[in-house]
Structures are given as C-alpha cells and as structure tokens.
Amino acid sequence: MTGNIEQHEQARKYFIACEQGLKVAAQKLQNKPDMNPLTEAITSMSQAITTLTTNMASIQQDIHDLKQSQRNRYLLEKRYPSAWYKKISPKYKMLMEYFDCDRKELYSSIYKELEDTYNVDINQIHEDYCYENHLLKDECFPMDAIEHDTKLRDALTLLIDNSLVKYGLKTEEEIKNFKRETLFDRKPVKKEK
C-alpha cells in the first residue's frame, strides 16, 4: 500500500474506500436501535482495516530497511582498501614480523592498547558502526569502525608509529617521511638500444 506502482495505489484506494464506506454505514445504523449488533460489527471491521493499514506501512518500512541492509552489504563486499589502510598495512607487517604474530593477534593487542590508552570501548564502537550501517556484527570488523572514525584512526596511527620507533624498527624521521615503496623509488634501469 505504501509503494509507488499502480497496484499499490489501487490497494490504497480500495482500503480507504472500504474504511470510509464502513464509517458511513456505521453512522447510518447508529440511529436504528435494532441494528446495534450490526453497527458494532461494522465499527470493529473499520478498526481492523485501520490496524491492517498501519501494520502494512510498518511491514513496508521493514522491507525497505532490509533492502538497504542488503545494499550496504554489497557495497562493503566490493570495497577496496583505503589509502590509509594501504599506508598502515606495511607498518602492521613490520610489527607482525617483529613480534612473530599473525594479524588477528596484532589487532587484538591494538584494540586493547587503544582501550587502555584512550579509554574507549572498541566493542561498543564496532556495534554502533554496524547499527548505523545496517550490518550484523559479524559482517564487518572492529577495524572497519576504527578506520571510519577519523579520531580513532589517527590514534591508531600514532600508536603504531610510536611502537615502530619504540622497538627500533623505524626512526622518527623515517616515520615522518614514511612512504610505501613504488616503482618510482627504484633506480632506473637503462635499456640498451
């Protein structure tokens, strides 16, 4: 009834006409005492149609929300790594090699450090991010929520950079000028003619 195609409009008009007809009939019958049971039945049907109309609108909204959720999931699946992630990923790799750990263990430690250092609740931030994007909690990662929040992203970057300096993996100057290696960083190869 709340859609935009011709069938929705027809259903909408039908239920409105039924409701109006029942109201008119109920008013006419109220003046005739021997018709009270019929009047009550018509009034009850009118209320049922009103309730049905309200429920249909609610169901339509739920369907819209589900479609939006599916669209968001599709968009997340097709998402490419951000520029920030591409820049921080090699730093993660250095720390994983230094601590001989996998990414999951590194992330777990990062979350704990962020919580302890900045008094934030990563789990709550993750849940809020999922709710705002119509996602189930297992459809995205806490790191997605952190990357989305610029303050947390900056805090994480600072944490990682300070760790690289602390453990002697990079100097402050190297961190300041950190750049992913590209083909433009290589020495040119002269081709012979």
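Above this text is the structure in question.
Quantities reported herein were computed from a predicted structural model and do not represent experimental measurements. (Residues numbered from 1 in each chain as written. Predicted model: local features only at pLDDT ≥ 70, side-chain atom pairs only at ≥ 80, totals over all residues. Heavy atoms only, no water.)

## Focus: the packing of aromatic side chains
Given two aromatic rings, one states the distance between the centres and the angle between the planes to describe the pair. Evaluation of the coordinates by the stated rule reveals six aromatic pairs. A cation over a ring is seen here: Lys-91 above Phe-178, with NZ or CZ 4.8 Å from the ring centre. (Phe/Tyr/Trp six-rings, centres within 6.5 Å; stacked < 30°, edge-to-face > 60°. Lys NZ or Arg CZ within 6 Å of the ring centre and 35° of its normal.)

## Quick word on helix 5 (residues 122-132)
Ile-122, His-126, Tyr-129 and Cys-130 are the residues of helix 5 that are buried. Along the axis of helix 5, the buried residues cluster in a sector spanning 100 degrees; they form a single face. Across from the buried face of helix 5, at angles greater than 90 degrees, the exposed residues are Tyr-131 and Glu-132. Between the side-chain oxygen at the start of helix 5 and the backbone nitrogen of Asn-123 there is a gap of 3.2 Å, and the oxygen is on Asp-121. (Buried < 20%, exposed > 50% of the residue type's maximum accessible area, 1.4 Å probe, protein only. Helix = DSSP H or I, 4+ residues; strand = E, 2+ residues; numbered from the N terminus. Arc of directions from axis to C-beta. Polar contact = N/O pair within 3.5 Å; in protein donor to acceptor, adjacent residues only side chain to side chain.)

## Quick look at the side chain of Asp-161
Among the secondary structure elements, Asp-161 is positioned in helix 7 (residues 150-166). Engagement of the side chain of Asp-161 in a polar contact is seen with the side chain of Lys-91, the distance being 2.7 Å. Residues contacting Asp-161, with those up to four places away along its chain left out, are Lys-91 and Ile-175. (Contact = heavy atoms within 4.5 Å.)

## Some thoughts on the environment of Ser-163
Here Ser-163 shows up in helix 7. By relative accessible area, Ser-163 is classed as buried at 17%. In this structure, the C-alpha to C-alpha distance between Ser-163 and Lys-91, residues 72 residues apart in sequence, is 9.7 Å.

## Quick word on the pattern of salt bridges
Tallied over the full model, the rule gives two salt bridges. Here Lys-91 makes a salt bridge to Asp-161, at a shortest N to O gap of 2.7 Å. Separated by 70 residues along the polypeptide, Lys-91 in helix 3 (residues 83-99) and Asp-161 in helix 7 bring together distant segments of the chain. Pair check on accessibility: Lys-91 and Asp-161 agree, each one buried. (Salt bridge = Lys/Arg side-chain N within 4 Å of Asp/Glu carboxyl O.)

Functional significance is not addressed by these values, which are geometric in nature.
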